[in-house]
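Topology and contacts: notes
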Amino acid sequence: MTYRRFAAIRHRSFIRFARFLQKEIGEERVIELIKKETEQRLNAQAKRDLERLGKSDFKSYISIFRDPDMLSSLTMEIIEDSDTVFEIRITDCMAAESYLPHKAGDIGYAAVCWGDYNWGTDFNPKIKLIRDKTLMQGHDCCNHKYIWTG
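What counts as what
- The residue numbering used here restarts from 1 in each chain and proceeds along that chain's sequence as written.
- For a predicted model such as this one, the threshold for reporting local features is a pLDDT of at least 70, and the threshold for listing and counting side-chain atom pairs is 80 or more; totals across whole chains, interfaces and linings nevertheless cover every residue.
- The side-chain numbers reported here are obtained from all heavy atoms of the structure, hydrogens and water having been left aside.
- When a residue's accessible area, from a 1.4 Å probe over protein chains only, is under 20% of the maximum for its type it is buried; when over 50% it is exposed; and in between it is partly exposed.
- A run of DSSP states H or I qualifies as a helix once it reaches four residues; a run of E qualifies as a strand once it reaches two. Both are numbered from the N-terminal end.
- In this description, one arc is meant: the one made by directions from the helix axis to the C-beta atoms.
- Only heavy atoms matter for contacts: two residues are in contact if any of them lie within 4.5 Å across the pair.
- Within 6.5 Å between ring centres, the rings of Phe, Tyr and Trp (the latter by its six-membered ring) count as paired, and their orientation is classed by plane angle as stacked under 30 degrees, edge-to-face over 60, tilted in between.
- Definition used: whenever NZ (Lys) or CZ (Arg) falls within 6 Å of the ring centre and also within 35 degrees of the ring normal, the charge is taken to sit over that ring.
- Any two strands are treated as partners once DSSP identifies two or more bridges connecting them.
- Convention adopted: a line fitted to C-alpha atoms gives each axis, helices being fitted over their contacting stretch, and angles between N-to-C directions are expressed from 0 to 180 degrees.

All right, on to helix α7 (residues 116-123) then. Along α7, the residues that are buried comprise D116, W119, G120 and F123. Across the axial projection of α7, the buried residues extend over an arc of 90°, all falling on one side. Along its buried surface, α7 packs onto α2 (27-53), α3 (58-63), α4 (68-72), α6 (105-113), β3 (127-130) and β4 (142-148).

Here the focus is the packing of aromatic side chains. The geometry of an aromatic ring pair is captured by two quantities: the separation of the ring centres and the angle between the planes. Tallied over the entire structure, the rule returns nine aromatic pairs. With a centroid separation of 5.2 Å and an interplanar angle of 65°, the aromatic rings of Y61 and W119 are classed as edge-to-face. Residue Y61 is located in helix α3, and its partner W119 is located in helix α7; the two are separated by 58 residues in the primary sequence. Plain terms: the ring middles of F65 and Y146 are 5.2 Å apart, the flat faces sit at 50° to each other, and that makes the pair tilted. On the criterion of sequence distance, the pair formed by F65 in the loop between α3 and α4 and Y146 in strand β4 is long-range, its members being 81 residues apart. Y146 gets classed as buried once you look at its relative accessible area, which sits at 1%. One aromatic cluster is present, built from ring pairs that chain together Y61, F65, F86, W119, F123 and Y146. Positioned above the aromatic ring of W114 is the side chain of K35, whose terminal nitrogen or guanidinium carbon lies 4.0 Å from the ring centre.

Moving on to the pairing of strand β1 (residues 74-81). By the bridge criterion, seven bridges tie β1 to strand β2 (residues 85-93) in an arrangement that is antiparallel. Directly across from E77, in β2, lies its bridge partner R89. What sits between β1 and β2 in their antiparallel hairpin is a turn of three residues.

Its location among the elements puts C142 in strand β4. Separated by 54 residues in sequence, C142 and I88 have C-alpha atoms that sit 8.0 Å apart.

A few words on the pairing of β2. Relative to β4, β2 runs antiparallel, the two being bridged by six bridges. Residue pairing across strands places I88 opposite H144, the latter belonging to β4.

With that out of the way, let us pick up the side chain of H11. Examined against the element boundaries, H11 turns out to sit in helix α1 (residues 3-25). Taking the relative accessible area as the measure of exposure, H11 reaches 11% and is therefore buried. With residues near it in sequence (within four places) discarded, H11 still touches A95, S98 and Y99.

Another aspect to go through is unusual backbone geometry. Even without being a glycine, K103 presents a positive backbone phi close to 50°. Residue K103 is classed as exposed on the basis of its relative accessible area, which comes to 73%.

Right, let's get into the sheet that holds β1. The pairing of strands in a sheet comes from backbone hydrogen bonds and takes either a parallel or an antiparallel form. Overall, antiparallel pairing links the four strands, which are arranged β1-β2-β4-β3 in an open sheet. Each edge of the open sheet is held by one strand with a lone partner, namely β1 and β3. Across the sheet, the mean angle separating the axes of adjacent strands is 20° when strand polarity is ignored. Packed on one face of the sheet, α7 meets β3 and β4 and runs near 165° to β3.

Right, here's the structure in full:
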């Protein structure tokens, strides 16, 4: 079984569980709780990244986007890569491929995309993300623009 197939099965199970919870306690409350867990999970990821990289500068953070594991789960184009701006356009995402066919973009956005903002800030408060498009929300791409404000 490929990793992509495994991820799709895992996401499908999560979607079923989230929909069950939505029926039990309401759609908005479930999305709110998923977002809260995503923030906590990405905060922990930022801490692991800091430990592994040993630095909290912008260049170290951006190096994560060049990691083969990251690159294997999405298709991205680098739009700008400078000392203060790293902008990417993502046109294919393994997570979106798993959630969107099940009309679960709202669940996928809360579980996957929502934490992107905290991840950068938790890595270093001088990193800000600007984004107004995501595949999960039905756009043609995700447009991440990370800005170093330091």
